[in-house]
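Geometric and topological summary
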Amino acid sequence: MVPVSVVIITKNEAEMISRSITMLKQITDDIIVVDNGSTDQTLDITQANGCRVYQKNWDGYGANKNKGIALARYNWILSIDADEIPDSALLSSIADLKLDDSNTVYDIPFKAYYGDKPINFGIWGRDHHIRLFNRKHVKWSETPVHEALILPQNICVKKLKGHLHHYSVKNVQEHEAKITHYAQLSALKYLQSGKKASFIKLYIAPVFHFIKTYVFLLGFLDGKEGLNIAKMALKNTWLKYHYLNKAQHTPNIESYTHEIPVLKYELKADTHAE
């Protein structure tokens, strides 16, 4: 076993999580699952597989990941999502690490899937993220969406071989629901930081993102899935600035929550936390 703790946040991930745990148990004896009210078989599956399972209130992606990190047995953390599965090459790369320098973090290549189809081009085709790090120096940001690792200036980034296989969405309907939710969270993040919804952001940026994803990054080579990804990139960019623009021009935020309910939820959560 490798002295690495795996941290996974979950909600209703029974369909995928057993595949990930089966692979992860090859390298670690410490898998922490931070669950947010699963109503399917997620808890049964994770507990039956020897994971340490904790049910926590939802305070955001980064915040709940940090809760799991604090509960870990080891200082070295492999942070993954429940729809991500490590392959054998990645596990071998991790097993070979000395892990003797806490100022080093490890960048992992991703292989994304649309349904069961691997995506090789566009933004998804070149995805990679730092996911292995030492908690003495690194933690997650706690923004409403697109949480990122907070890295000290003297950190050393090394790349690992192998992949995390990311089964992002099953179909167009799930993809659209997902980007709408993330757009709402992004609008909240922008609103809190004072960002403005300009004409360029509303009408030029969405088109640019479509062209970049579909043409410049060769997304068209992924067929209809590549087109769907580019179209959703356009829609996500427009939606987040649309929601931001509406929020900025609505005197009474309560009258606006029918269109962006997550804003009401998150603002109340922020107020309660204070």
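Preceding block: the structure.
Figured I'd write up the structure that's included with this text. (Residues numbered from 1 in each chain as written. Predicted model: local features only at pLDDT ≥ 70, side-chain atom pairs only at ≥ 80, totals over all residues. Heavy atoms only, no water.)

A look at the nonpolar core
The biggest cluster of nonpolar side chains holds 32 residues, and the ones touching the most others in it are Ile 8, Ile 31, Leu 78, Ile 94 and Leu 132. Taken together, the elements giving at least two residues each to this core come down to strand 1 (4-10), helix 1 (14-24), strand 2 (31-35), strand 4 (76-81), helix 4 (88-95), strand 6 (104-114) and strand 12 (164-169). Here this core gets 6 residues from one element, more than from any other, and that element is helix 1. Other than its neighbours up to four places away in sequence, Leu 78 contacts Val 4, Ser 5, Val 6, Val 7, Leu 24, Ile 94, Ile 108, Arg 131 and Leu 132. Counting residues in hydrophobic clusters, the runner-up holds 17 residues, among them Ile 9, Ile 77, Phe 133 and Leu 185. (Core = buried A, V, L, I, M, F, W, Y, C linked by side-chain atoms within 4.5 Å. Buried < 20%, exposed > 50% of the residue type's maximum accessible area, 1.4 Å probe, protein only. Helix = DSSP H or I, 4+ residues; strand = E, 2+ residues; numbered from the N terminus. Contact = heavy atoms within 4.5 Å.)

Quick notes on the environment of Ile 80
One can find Ile 80 in strand 4. Other than its neighbours up to four places away in sequence, Ile 80 contacts Val 6, Val 7, Ile 8, Ile 9, Ser 20, Leu 24, Arg 131 and Leu 164.

Quick look at a nonpolar patch on the surface
A contiguous nonpolar surface patch, about 520 Å² in accessible area, is contributed by Val 207, Phe 208, Ile 211, Val 215, Phe 216 and Leu 234. Ranked by residues supplied to the nonpolar patch, first place goes to helix 6 (residues 199-216) with 5 residues. Considering the arrangement of structural elements, one finds Leu 234 in helix 7 (residues 223-248). With relative accessibility at 30%, the residue Leu 234 sits in the partly exposed group. (Patch = residues over 30% accessible without salt bridge, like charges linked within 9 Å, V, L, I, M, F, W, Y side chains within 5 Å. Areas by Shrake-Rupley, 256 points an atom, 1.4 Å probe, with all protein chains shown as cover. Salt bridge = Lys/Arg side-chain N within 4 Å of Asp/Glu carboxyl O.)

Focus on the pattern of salt bridges
Enumeration according to the criterion identifies 13 salt bridges in this entry. The partner of Arg 73 in a salt bridge is Asp 30, and the shortest N-O contact between them spans 3.9 Å. With Arg 73 in the loop between helix 3 (61-71) and strand 4 and Asp 30 in the loop between helix 1 and strand 2, this pair connects stretches of sequence that are 43 residues apart. Note on Arg 73: relative accessible area 45%, which makes it partly exposed. By relative accessible area, which is 0% here, Asp 30 ends up buried. Here Lys 235 makes a salt bridge to Glu 176, at a shortest N to O gap of 2.1 Å. Taken together, the residues Lys 235 in helix 7 and Glu 176 in helix 5 (residues 172-193) connect sequence positions 59 residues apart. Taking the relative accessible area as the measure of exposure, Glu 176 reaches 30% and is therefore partly exposed. Overlapping salt bridges bring together Lys 65, Asp 81, Glu 84, Arg 131 and Glu 147 as one network.

A closer look at the packing of aromatic side chains
Scanning the entire structure with this criterion turns up 10 aromatic pairs. Ring centres 4.8 Å apart and planes at 85° place the aromatic pair Trp 58 and Tyr 61 in the edge-to-face group. We classify Tyr 61 as buried; its relative accessible area is 18%. Ring centres of Tyr 190 and Tyr 241 lie 5.3 Å apart, and the angle between their planes is 20°; on these two criteria the pair is classed as stacked. Here the residue Tyr 190 occupies a position in helix 5, and Tyr 241 occupies one in helix 7, the gap between them amounting to 51 residues. The exposure class assigned to Tyr 190 is buried, which follows from its relative accessible area of 12%. An aromatic cluster of at least three residues, connected via ring pairs, comprises Trp 58, Tyr 61 and Tyr 182. For the cation-ring pair, Arg 19 lies above Tyr 167, with the distance from its terminal atom to the ring centre recorded as 5.0 Å. One residue, Lys 65, lies across the ring of Trp 140, its end atom 4.3 Å from the ring centre. (Phe/Tyr/Trp six-rings, centres within 6.5 Å; stacked < 30°, edge-to-face > 60°. Lys NZ or Arg CZ within 6 Å of the ring centre and 35° of its normal.)

Focus on the packing of helix 6 against helix 7
Packing of helix 6 against helix 7 brings their axes to within 8 Å, and their N-to-C directions diverge by 160°. If you check the angle between helix 6 and helix 7, you find them roughly antiparallel. In this structure, helix 6 crosses over helix 7, and the sense of that crossing is right-handed. Residue-level contacts link Lys 201, Leu 202, Tyr 203, Ala 205, Pro 206, Val 207, His 209, Phe 210, Thr 213 and Tyr 214 of helix 6 to Gly 226, Leu 227, Ile 229, Ala 230, Lys 231, Ala 233, Leu 234, Thr 237, Trp 238, Tyr 241, His 242 and Asn 245 of helix 7. (Axes fitted to C-alpha atoms, helices over the stretch in contact; angles between N-to-C directions. Parallel < 35°, antiparallel > 145°, perpendicular 65-115°, else oblique. Left-handed = near helix turned anticlockwise from the far one by under 90°.)

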